[in-house]
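Observations on chain architecture
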Amino acid sequence: MKTPTAENPKAAPASFLERLGLAIADGTLAPHSVLRIEELELEHKVSRSVVREATKVLSSMGMLESRRRLGTVVQAEDHWNLYDPQVIRWRLASSARLDQLRALNELRGAIEPQAAKLAAGRISLEAGSDLVSLAARLWAAGQGDNQEQFLRLDIEFHAAVLKASGNAMFSQLHDLVREVLTGRTEHGLMPHLPHHEALQLHVDVASAIQRGEAEAAHGAMSRIVEQSTEEMGDIWSLHQQGTASPTRNDP
């Protein structure tokens, strides 16, 4: 990891935590590596309190472990809290980005279709109308060139479906879905403008939930997740070949 030449003292704790967390997520600091506080102080030009706070945070995430007479040891991935939003962000910023997105999408595929199915039987009339309205706004945003607005509405839509499922454990996965949607956008793993089919599928999910059609809601949401996985794989292949990403695939 590179040593910074100058750093805002107020930003030092967060910046050091980011560098250390990313180095672990990316494998630059390999599992079972031993970190010495004194060496980290010198290498990164930060205070002992900053190092200790960062290692404390990373230990709470399972990425580090303090061992008596040995020091602070980097933990293997299977010890990490892989549901922590910050851990997800670091993994998405690492060289294993596509594998992380695939794993997250597979988790989405197990949860979100079922959430949509449950929502169809549990959503209130008011919430159903709000979801259809949200899908319409998402559609409109997808027709324009405001990727930031589309992302915000997309995150809001999926969070609303999880909440409407009536399952509190599903609802709390909204942070995970937000990181998937944000990560694939930030790292260029989705079209600049959404495909027509993706926009229609969101409308189909909302309409099916509002009408109480559980199987239709499940099927449409399953297709959304499948399409996301397909797009990421296709665009990653294009990146690998040095080809620009596609922008739209309207019929």
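Quick note: structure is the one above.
Presented here is a report on the structure given in the accompanying data block. Keep in mind it's a predicted model, so treat the numbers as computed, not measured.

Here's the deal with the layout of surface pockets
Of the voids in this model, the largest pocket is the one considered here, and its volume is about 160 Å³. Along its surface, the largest pocket is lined by Ile123, Ala127, Asp130, Leu131, Leu134, Arg137, Glu156, Ala160, Lys163 and Ala164. If you list the elements that add at least two residues to the lining of the largest pocket, you get α6 (125–143) and α7 (147–164). The leading source of residues in the lining of the largest pocket is α6, at five residues. A per-class count over the lining of the largest pocket returns six nonpolar, no polar and four charged.

Observations concerning the side chain of Gln227
By secondary structure assignment, the location of Gln227 is in helix α11 (residues 214–240). The class of Gln227 is buried, set by a relative accessible area of 6%. Within the structure, the side chain of Gln227 is placed 3.0 Å from the side chain of Glu197, a separation counted as a polar contact. In this structure, Gln227 is in contact with His195, Glu197, Ala198 and Leu201, ignoring residues within four places of it in sequence.

Comments concerning the side chain of Glu112
Here Glu112 lies in helix α5 (residues 97–122). A polar contact is formed between the side chain of Glu112 and the side chain of Arg108, at a distance of 2.4 Å. Dropping the residues within four chain positions of it, Glu112 is found in contact with His158, Leu162, Val177, Met221 and Val225.

So, empty space enclosed by the protein
Throughout the structure, instances matching the rule amount to four cavities of 30 Å³ or more. Looking at the largest cavity, its volume works out to about 120 Å³. Lining of the largest cavity is provided by 16 residues; of these, Arg184, Ala198, His202, Gln227 and Glu231 occupy positions nearest its centre. Those elements giving two or more residues to the lining of the largest cavity turn out to be α7, α9 (174–186), α10 (196–211) and α11.

Overview of the sheet that holds strand β3 (residues 71–74)
The strand order across the open sheet built from three strands is β1-β3-β2, with neighbouring strands paired in antiparallel fashion. Every interior strand has two partners, whereas the edge strands, β1 (34–35) and β2 (64–67), have only one. Pairing of β2 with β3, which is carried by four bridges, proceeds in the antiparallel orientation. Note that in β3 the partner of Ser66 across the bridge is Thr72.

Conventions used here
Residues numbered from 1 in each chain as written. Predicted model: local features only at pLDDT ≥ 70, side-chain atom pairs only at ≥ 80, totals over all residues. Heavy atoms only, no water. 1 Å grid on protein atoms, 1.4 Å probe; cavity = no way out; pocket = protein on both sides within 12 Å on 5 of 7 lines; lining within 4 Å. Points joined across faces, edges and corners; volume = space filled by probe spheres on them. Helix = DSSP H or I, 4+ residues; strand = E, 2+ residues; numbered from the N terminus. Nonpolar A, V, L, I, M, F, W, Y, C, P; charged D, E, K, R; others polar. Buried < 20%, exposed > 50% of the residue type's maximum accessible area, 1.4 Å probe, protein only. Polar contact = N/O pair within 3.5 Å; in protein donor to acceptor, adjacent residues only side chain to side chain. Contact = heavy atoms within 4.5 Å. Pairing = 2+ DSSP bridges.

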